[in-house]
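Residue-level listing of the chains:
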Amino acid sequence: MIDSETTVAPNNSHSGYLGWILRVISVVACVAVATVVASLTLGPPFARAWAQWVARHLGGDFETGVVVGFVTGLLGIAVTLFAALMSSLAWRRRGGPALSLGIGAIALLAVLPGAVNLSIAVGAAGSGVRAAGRILDVDGPAFRGAWVAGSVAGLSLYMVGALLLGRSLRSAFGPVRQVVSPPPGVVGYTTDGRPVFAQVGFTSDGIPVLADELDVRYPARSAVGTNALAIVALVLGIFGGVLAIPVGHVSLNQIRRSGESGRGLAVAGLVLGYLSLVVVVGVVFVAVSAAYR
């Protein structure tokens, strides 16, 4: 005998907590390698332009350099690592490759400033990198040191958040569990795996009639689509809109009531929306600090 509905978990080597810790650490290792490679290839060509852009917005102010450097390092590392983690989880979902590539693109964009900053911070070879370092020393004091501190804080935030939210992240972005239901009328199975059908009546001459002998057309279940607000929340989150926060929460409430898919999209929109909110608060803080200098 089997239940009317059986949940089959996919074969996942990272299902245990130890496997999850290894996945979290492996994402850090992969991002570290990608950052080093990008710093060696993209750092020298773009270091000077990046330093000039940073210096133009700092204006030589020490406090502004500390705030901007710390926020840049924190968000750059945290967004890159969380996006890479979610991308690695989403690949094995139904329809996950597209979602995985989209989140992976966010991780790639977020790692680029960090790669350029890394090349400047370690003083990589090249006249452009050395010139960028001198520009930041004069017009962006404390930026490099604050960026390193912010990067360490972003790494710590990622490790703590990933370990505490492991179950939520896996349920939102991990492989979707498949529900297997027996055919209509099946009440069990024999020892050799053959289905046993329920008796539904008798013929006119008294012969029992089983469910599989009836010509019954069972109505198909209506397909449950993706929640529309979940898609809207993800789009708003990608483009830096804090509106992704209320839209994402409304979407999660609708999904809980309707059983629609799209929970992973809504959660991704919420994560990006809250990160955008942190950026907005940081920019406002910098602007206020600059106004009262």
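In this text the structure is predicted, and so the values were computed from the model without any measurement. (Residues numbered from 1 in each chain as written. Predicted model: local features only at pLDDT ≥ 70, side-chain atom pairs only at ≥ 80, totals over all residues. Heavy atoms only, no water.)

A. Structural context of the overall build of the protein chain. When helices and strands are tallied, the protein chain shows 10 helices and 6 strands. Counting across all 293 residues of the protein chain, residues that qualify as buried make up 37%. Pairs at least 24 apart in sequence give 72% of the contacts found in the protein chain among residues at least 6 apart. When the accessible surface of the protein chain is totalled, it reaches about 16,700 Å², and 67% of it is carbon and sulfur. (Helix = DSSP H or I, 4+ residues; strand = E, 2+ residues; numbered from the N terminus. Buried < 20%, exposed > 50% of the residue type's maximum accessible area, 1.4 Å probe, protein only. Contact = heavy atoms within 4.5 Å. Areas by Shrake-Rupley, 256 points an atom, 1.4 Å probe, with all protein chains shown as cover.)

B. Highlighting the layout of surface pockets. Of the voids in this model, the largest pocket is the one considered here, and its volume is about 920 Å³. Considering the residues around the largest pocket, the lining is formed by 34 residues, among which V71, T72, L75, G76 and V279 are closest to the centre. Contributing elements (two or more residues each) for the lining of the largest pocket: helix 2 (43-58), helix 3 (62-90), helix 4 (96-121), helix 6 (143-164), helix 8 (228-238) and helix 10 (263-291). Sorting elements by how many residues they give to the lining of the largest pocket places helix 3 first, with 10 residues. (1 Å grid on protein atoms, 1.4 Å probe; cavity = no way out; pocket = protein on both sides within 12 Å on 5 of 7 lines; lining within 4 Å. Points joined across faces, edges and corners; volume = space filled by probe spheres on them.)

C. Looking closely at the UniProt feature "transmembrane region" (unreviewed entry) in the protein chain. UniProt marks residues 20-42, 62-86, 98-125, 145-165, 224-245 and 265-292 with the feature "transmembrane region" (unreviewed entry), using the numbering shown here. Strand forms 0% of residues 20-42 and helix 96%; the C-alpha atoms that close the span are 32 Å apart. Its end C-alpha atoms 30 Å apart, residues 145-165 is made of 95% helix and 0% strand. (UniProt positions renumbered as here; feature names shortened; annotations may be inferred.)

D. The arrangement of helix 2 in detail. Listed in full, the buried residues belonging to helix 2 are G43, A47, W50, A51, V54, A55 and L58. Where helix 2 ends, the next residue or the one after it, G59, has phi of about 65°, a positive value.

E. Local environment of helix 4. Spanning 26 residues, helix 4 covers 37 Å between terminal C-alpha atoms, matching the ideal 38 Å at 1.5 Å per step. Approximately 25° is the largest bend angle found in helix 4, and it occurs at L112, with the proline P113 only one to four residues beyond. (Expected span 1.5 Å × (residues − 1). Bend = angle between axes of the 7 residues up to and from the residue.)

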